[in-house]
Amino acid sequence: MNTSFVNNIARILKSRITRNVIFWLFTLWVVLNSNNQKDFAPIYFLFLSITTSLMLALTYINNLLIVPKLLQKRKYIIYTGAFLLHVSLISLSYVLVLKWGLNYIPVEHIQDVSFISGNISDKWTFDVIISEMSTYFFGFIMWLVIFTMAWYTRDYENKEKEIEIVKQKQTELELNFLKSQLNPHFLFNTLNNLYALALKQSEHTPESILKLSSLLRYLLYDTKTAYNDFEKEKELMLAYIDLELLRIEDPSDLHFNIETDKPCSIPPLLWLPVIENAFKYGTRYIADRYFISFEFTISQNILTIISKNKYNPTTAVSSENVSGGIGLMNLQKRLTLLFLEKHVVKINNEAEYFTIDIKIQLN
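A few points on the structure.

Thresholds, definitions, all that
Residues numbered from 1 in each chain as written. Predicted model: local features only at pLDDT ≥ 70, side-chain atom pairs only at ≥ 80, totals over all residues. Heavy atoms only, no water. Core = buried A, V, L, I, M, F, W, Y, C linked by side-chain atoms within 4.5 Å. Buried < 20%, exposed > 50% of the residue type's maximum accessible area, 1.4 Å probe, protein only. Helix = DSSP H or I, 4+ residues; strand = E, 2+ residues; numbered from the N terminus. Contact = heavy atoms within 4.5 Å. Pairing = 2+ DSSP bridges. Axes fitted to C-alpha atoms, helices over the stretch in contact; angles between N-to-C directions. Salt bridge = Lys/Arg side-chain N within 4 Å of Asp/Glu carboxyl O. Parallel < 35°, antiparallel > 145°, perpendicular 65-115°, else oblique. Nonpolar A, V, L, I, M, F, W, Y, C, P; charged D, E, K, R; others polar.

## Some thoughts on the nonpolar core
Ranked by internal contacts, the top residues of the largest apolar core, which has 41 residues, are Trp271, Phe294 and Phe296. Considering every element that reaches this core, the biggest residue donor is helix H7 (residues 230-245), with seven residues. Contact partners of Phe294, with chain neighbours within four places excluded, come to Met237, His255, Phe256, Asn257, Trp271, Val274, Ile275, Ile305, Ile306 and Ser307. Among the nonpolar cores identified, the runner-up in size contains 36 residues, and Leu71, Leu102, Ile141 and Trp151 belong to it.

## Quick notes on the sheet that holds strand E2 (residues 254-260)
Pairing is mixed across the open sheet formed by five strands, whose spatial order is E2-E4-E5-E7-E6. Looking at the sheet topology across the chains shown, the edges are occupied by E2 and strand E6 (343-348). Between one strand axis and the next, the sheet turns through 5 degrees on average, direction left out of account. As paired strands, E2 and strand E4 (residues 292-299) are joined by seven bridges and run parallel to one another. Bridge assignment links Glu259 to a residue of E4, and that residue is Thr297. In the packing of helix H8 (residues 272-282) onto the sheet, the strands contacted are E2, E4, strand E5 (302-310) and strand E7 (353-361), and the crossing angle to E5 comes to about 10 degrees. Where helix H9 (residues 326-339) meets the sheet, its contacts fall on E6 and E7, and the angle it forms with E7 comes to roughly 15 degrees.

## A word on the pattern of salt bridges
Under the defined criterion, the tally for this structure stands at six salt bridges. Between Asp155 and Lys159 there is a salt bridge, and its shortest N-O distance comes to 3.4 Å. Here Asp155 and its partner Lys159 are both found in helix H5 (residues 126-199), four residues apart, which amounts to about one turn of the helix. The partner of Lys211 in a salt bridge is Asp242, with the nearest N and O atoms 3.7 Å apart. Of this pair, Lys211 sits in helix H6 (residues 205-221) while Asp242 sits in helix H7, placing them 31 residues apart in sequence.

## As for the pairing of E4
In the sheet, E4 pairs with E5 via eight bridges, with the strands oriented antiparallel. Its bridge partner being in E5, Phe296 is matched across the sheet by Ile305. Here E4 folds back onto E5 in antiparallel fashion, the turn holding two residues, of which Gln300 has a positive phi close to 50 degrees.

## Looking at the packing of helix H3 (residues 43-71) against helix H4 (residues 76-101)
One way to put it is that H3 packs onto H4 with a least axis distance of 10 Å and a crossing angle of 175 degrees. Comparing their axes, H4 and H3 come out roughly antiparallel. Looking at side-chain class alone, the contact of H3 with H4 contains 22 nonpolar, five polar and no charged residues.

As structure tokens, then:
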């Protein structure tokens, strides 16, 4: 069977209109099966249709007009007047219909065409009609209280869904904005590296450009999804590391560990600001000797990112005042959007080392 057809049927069955139709059909079924006298058909069904129509009017004029237009907007006095007038008119109509029905249906069976039972006589005096109305009046009030509560429950659920959708869209927009900042930031640093190689007329320049091309291809086409395969991310990490290592003569104190205990998917580029920061401060003028230790591992559904690099606080510039701090600030914002309270970020720049320790509970 066509999947879209099945989905459409499922959506229709879950819709509010369908639920209401099922409720009223079930209610009619209960009324029909609780009666002992159906010998006056089709007049029986005529009056049952009329009383059912009055119940529908009672319910939906309240839920579709009076409650949303008055009660929800806190017009309590006008709402109270409209509510009482509405119930009174339906109660009067109900009594008059049943009295008229006594011309065709015996009094002992008149309740068979009514949803709500009440005393009905063949007298048409004002006092009798008001007295008979009171029975239905208070019964209808209880009926509407239940449906008004149901309306508010449904309205609350709809608002919660709307808020969730807005939050989700806002999160997506913020994540896309952070990623749009991240990619140019990465490109800026990498082009600086290529410029340095070109100035030295290094034989590694063509290879570096080729690696940058593959990295940009990944950024353009593979970071649009919410999650990427770990092996793809690992491949990109290694390519980035190789690109950085091209300008370093002695990489003996640069250590990298990238592994997972099982196949998995992760958000793209979580590692980039961390390793970018390590290369920036661990292999440039701020450090008196090159040192980087970088780990990106997943074990028992815990993603761990640990970076440690040589750091000279006497020559370092606060990352809050330079563009180099953008990457790490964006990463922390992105982690908050993606994982809420399921992550911990610790940054330590004491002594001679700068350390970043991130733990993430993956879903």
